[in-house]
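Each chain is listed here by its residues.
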Amino acid sequence: FLKIQDGCDYPCTYCTIPLARGRSRSDTIKNILKNAKSISDSGIKEIVITGVNIGDFKDNDKRFIDLIKELDKVSGIERFRISSIEPNLITDDIIATVRDSKKFVPHFHIPLQSGNDRILRKMRRRYRTSLYEEKLKKIKKAIPNVCIGADVIVGFPGETDALFNSSVNFIKGLPISYLHVFSYSERENTKALLLPNPVPKELKKTRSKQIRILSNKLQQKFYR
C-alpha cells in the first residue's frame, strides 16, 4: 500500500474525515517514485495506490494522471491498483492510461453512496447519478473486462422505501462487479445529524442485507 495523499476538501454531510484529517494535501511525485522503487527493491510485485481522496492529488502543476504515468515506468512492479477514487475526478486520460498500461490492473473502485439524486444532494456529494452512469459506461466501453466496485450507504436520513428502491434499480443498470455496503451511522460534528426523518435501525439492517445479496449476485456474474 503506497499512500500518496491525505485529508479531504469535500464537505460530505455524513463524514468527519475533513475534521479528523484536515485539508487535502499530497506527497511529491519525486518522493512517491522513490518509495515505489524501494517497494520494488524489496521484492513486492503489486502496489495499491491509497489516500483519502487520491483523485485530488496535486504536486504543483502535476495531477493524478501525471503521477500514474510516472508510476507505470517503475521497474520491478508488475501490478498497480488504483484504490477508491471519486467519480467526478476520473478523467478520460486516467481511463485511457489504465486501458493501455501493462501494469495498471483493469480495476476501479468508485464510491456511489446512493443511486438517488435527492439523497446525493443531502449528502452533498459532488456528482449526480447521470455523471456516475456516464463514467462507468465510458470505463466499461474502454476496458470490457474491467472490475468495478462501489460503496453504498443505506439508511441515510430521509431515505424512504421509494428512494431506496430507486437506488437499487439504478445499481442494477450499471456495470458494477461488487459493492461495499455501509449502514448510515451518526457522527458528531456532521451536518447529517441535523437532517430530519432518521431511518430506524432495523430498517437499515434490512436494506443492508438486500444490497449485500445484490452484491453477491453481481460478483458471481462478474466471476462467470
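Located above this text is the structure these notes cover.
What counts and how
Residues numbered from 1 in each chain as written. Predicted model: local features only at pLDDT ≥ 70, side-chain atom pairs only at ≥ 80, totals over all residues. Heavy atoms only, no water. Core = buried A, V, L, I, M, F, W, Y, C linked by side-chain atoms within 4.5 Å. Buried < 20%, exposed > 50% of the residue type's maximum accessible area, 1.4 Å probe, protein only. Helix = DSSP H or I, 4+ residues; strand = E, 2+ residues; numbered from the N terminus. Contact = heavy atoms within 4.5 Å. Pairing = 2+ DSSP bridges. Phe/Tyr/Trp six-rings, centres within 6.5 Å; stacked < 30°, edge-to-face > 60°.

K.L.:
An account of the nonpolar core is needed here, citing residue identities and associated values.
P.N.:
Within the largest apolar cluster, 50 residues are counted, with the highest numbers of intra-cluster contacts made by F64, F108, Y132 and L179. At five residues, the largest contribution of residues to this core is made by helix α3 (residues 64–71). Apart from the residues within four sequence positions on either side, L179 is in contact with A150, V152, I171, I211, L214, S215 and L218. Among the nonpolar cores identified, the runner-up in size contains twelve residues, and C8, I119, Y184 and A192 belong to it.

K.L.:
Can you explain the pairing of strand β4 (residues 46–50)? Please cite residues and give values.
P.N.:
The side chains of a regular strand alternate between both faces of the sheet. Most of β4 sits inside the fold, with four of its five residues counted as buried. Sheet topology note: the strand β1 (residues 2–3)/β4 ladder contains two bridges and is parallel. Across the sheet, the residue bridging to L2 is I49, located in β4. Pairing geometry for β4 and strand β7 (residues 79–82), over four bridges, is parallel. The residue bridging V48 from the neighbouring strand is R81, located in β7.

K.L.:
A description of the environment of K140 should follow, citing residues and the corresponding values.
P.N.:
When you line up the elements, K140 lands in helix α6 (residues 129–142). Note on K140: relative accessible area 34%, which makes it partly exposed. Taking C-alpha positions, K140 is 9.7 Å from L174, a pair spaced 34 residues apart along the chain. In this structure K140 touches V146 and P175, once residues within four positions along its chain are discounted.

K.L.:
Explain the packing of aromatic side chains to me, using residue names and the numbers behind them.
P.N.:
One pass over the full model with this rule turns up six aromatic pairs. Ring geometry for F222 versus Y223: centroids 6.3 Å apart, planes at 55 degrees, classification tilted. Overall, the relative accessible area of 56% leaves Y223 in the exposed class. Following the ring pairs from residue to residue traces out a cluster consisting of Y14, F156 and Y184.

K.L.:
Give a detailed account of unusual backbone geometry, specifying residues and quantitative values.
P.N.:
Despite not being glycine, Q113 has its phi angle at roughly 75 degrees, a positive value. Secondary-structure assignment places Q113 in the loop between β8 (107–109) and α5 (117–123). Under the relative-accessibility criterion, Q113 is labelled buried at 8%. Positive phi values are uncommon outside glycine, yet N189 reaches one of about 65 degrees. Relative to the helices and strands, N189 resides in the loop between β10 (178–183) and α8 (201–223). Looking at N189, the relative accessible area reads 64%, which means it is exposed.

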